[in-house]
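Structure assessment
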Amino acid sequence: MCTPSYLCLQFQAQSNGITTFRFPPAQRLLISTILVTPVFYAYAATKLSPPSFFPSLFKVADEWLRVYVSDQTWARAFYITSAIHVVEAGYTATLVKKYVTSPIVGAIYILLTFFFGAPMWRDLKLRGAKLNKSQ
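Before going into details, it helps to say that this report is about the structure given with it. Along each chain, residue indices are assigned from 1 in the same order as the chain's sequence is written. Totals for whole chains, interfaces and linings use every residue, but because this is a predicted model, local features are given only for residues with pLDDT of at least 70 and side-chain atom pairs only at 80 or more, for both listing and counting. Hydrogens and water are ignored here; the side-chain numbers use all heavy atoms of the structure.

1. Some points on the overall build of the chain
Only runs of H or I of at least four residues qualify as helices and only runs of E of at least two qualify as strands under DSSP, and these elements are numbered from the N terminus. Of the regular secondary structure elements, the chain holds seven helices and zero strands. Listed by position from the N terminus, the elements making up the chain come as α-α-α-α-α-α-α. Burial here depends on accessible area, computed with a 1.4 Å probe over protein chains only, as a share of the maximum for the residue type. Under 20% is buried, over 50% is exposed, and the range in between is partly exposed. Looking at the chain as a whole, 30% of its 135 residues are labelled buried. Whether two residues are in contact is decided by their heavy atoms, any of which lying within 4.5 Å being enough. Of the contacts formed within the chain by residues at least 6 apart in sequence, a portion of 74% connects residues at least 24 apart. Here the open area of atoms and residues is found with the Shrake-Rupley method and a 1.4 Å probe, where only the protein chains shown may cover a residue. Of the roughly 9,200 Å² of accessible surface on the chain, a fraction of 69% belongs to carbon and sulfur atoms.

Next up, the structure:
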């Protein structure tokens, strides 16, 4: 049975959550970006015609990729990376439900976890743990 004082305590517990978004340290994002960008580029290079999509700067890299690595390999890498990031975004959604009070901030964390991966949810988890320790 909910009493007014119990509801007040619930509201106070929810209002003490994370209300602002912040990027994790730059070196974590940089590592994630360096690992994911080549997979996306290689997959796009195998699916889209280079002259119409990529500038001539990327043509050499595209030709090199097509000679040494099969299109199926890049496609598999892309799908595996995408699947991992979907799972990470799902995990971030559970962290958002637990620690974040603003729906907009939560949506930002989930969306950016899909693109950047682990650095986003790790930072959110650390912030949530610090928040719990301070209460």
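Here the narrative resumes, following the displayed structure.
2. So, the packing of helix 5 (residues 71-99) against helix 7 (residues 118-134)
Only the stretch in contact is used when a helix axis is fitted, and all axes are lines through C-alpha atoms; the angle between N-to-C directions ranges over 0 to 180 degrees. Running from N to C, helix 5 and helix 7 cross one another at 20°; their axes reach a closest spacing of 10 Å. Overall, the two elements helix 5 and helix 7 adopt an arrangement that is roughly parallel. Crossing hand, helix 5 versus helix 7: left-handed. On helix 7, the residues touching Glu 88, Tyr 91, Thr 92, Leu 95, Val 96 and Tyr 99 of helix 5 are Ala 118, Trp 121, Leu 124, Lys 125, Gly 128, Ala 129, Leu 131 and Asn 132. By the definition adopted for this analysis, an angle is roughly parallel if under 35 degrees, roughly antiparallel if over 145, roughly perpendicular if from 65 to 115, and oblique otherwise. In this scheme the handedness of a crossing depends on how the near helix is turned from the far one: anticlockwise by less than a right angle means left-handed, clockwise means right-handed.

3. Overview of the packing of helix 6 (residues 103-116) against helix 7
Two numbers describe how helix 6 lies on helix 7: the axes approach to 6 Å, and their chain directions differ by 140°. With respect to helix 7, the element helix 6 is oriented oblique. Residues Tyr 109, Leu 112, Thr 113 and Phe 116 of helix 6 touch helix 7, and the partners they reach there are Ala 118, Pro 119, Met 120, Trp 121, Asp 123, Leu 124 and Arg 127. Gly is placed with the polar residues, together with every amino acid not listed as nonpolar (Ala, Val, Leu, Ile, Met, Phe, Trp, Tyr, Cys and Pro) or charged (Asp, Glu, Lys and Arg). The class makeup of the residues in the contact of helix 6 with helix 7 is eight nonpolar, one polar and two charged.

4. So, the pattern of salt bridges
One speaks of a salt bridge when a side-chain nitrogen belonging to Lys or Arg is within 4 Å of a carboxyl oxygen belonging to Asp or Glu. In the structure shown here, the tally under the stated rule is one salt bridge. One salt bridge connects Arg 22 with Asp 123, and the closest N-O pair in it is separated by 3.0 Å. Of the two residues, Arg 22 sits in the loop between helix 1 (4-15) and helix 2 (26-47) while Asp 123 sits in helix 7, which places them 101 residues apart along the sequence. Its relative accessible area of 39% is what places Arg 22 among the partly exposed residues. Its relative accessible area of 3% is what places Asp 123 among the buried residues.

5. Section: the nonpolar core
The nonpolar core is taken to be a set of buried Ala, Val, Leu, Ile, Met, Phe, Trp, Tyr and Cys residues, with the residues joined through side-chain atoms within 4.5 Å. Grouped together as the largest cluster of nonpolar side chains are 13 residues, with contacts concentrated most on Ile 18, Leu 95, Val 96, Val 100, Tyr 109, Met 120 and Leu 124. Examining the composition of this core, we find that four residues originate from one element, helix 7, more than from any other. Counting eight residues, the second largest nonpolar core, distinct from the first, contains Val 39, Tyr 43, Trp 74 and Phe 78.

6. Focus: the environment of Val 96
Among the secondary structure elements, Val 96 is positioned in helix 5. Assessed through its relative accessible area of 12%, Val 96 is described here as buried. Measuring from C-alpha to C-alpha, the distance between Val 96 and Gly 128 comes to 9.2 Å, with 32 residues separating the pair along the chain. In this structure Val 96 touches Gly 106, Tyr 109, Ile 110 and Leu 124, once residues within four positions along its chain are discounted.

7. Concerning a nonpolar patch on the surface
Judged by side-chain polarity, Val 86, Leu 111, Phe 114 and Phe 115 come together as a nonpolar surface patch covering roughly 380 Å² of accessible area. Per-element accounting of the nonpolar patch gives the leading share, three residues, to helix 6. For Val 86, the location among the structural elements is in helix 5. Nonpolar side chains (Val, Leu, Ile, Met, Phe, Trp, Tyr) are joined into patches within 5 Å and like charges within 9 Å, using only residues with over 30% relative accessible area and no salt bridge.

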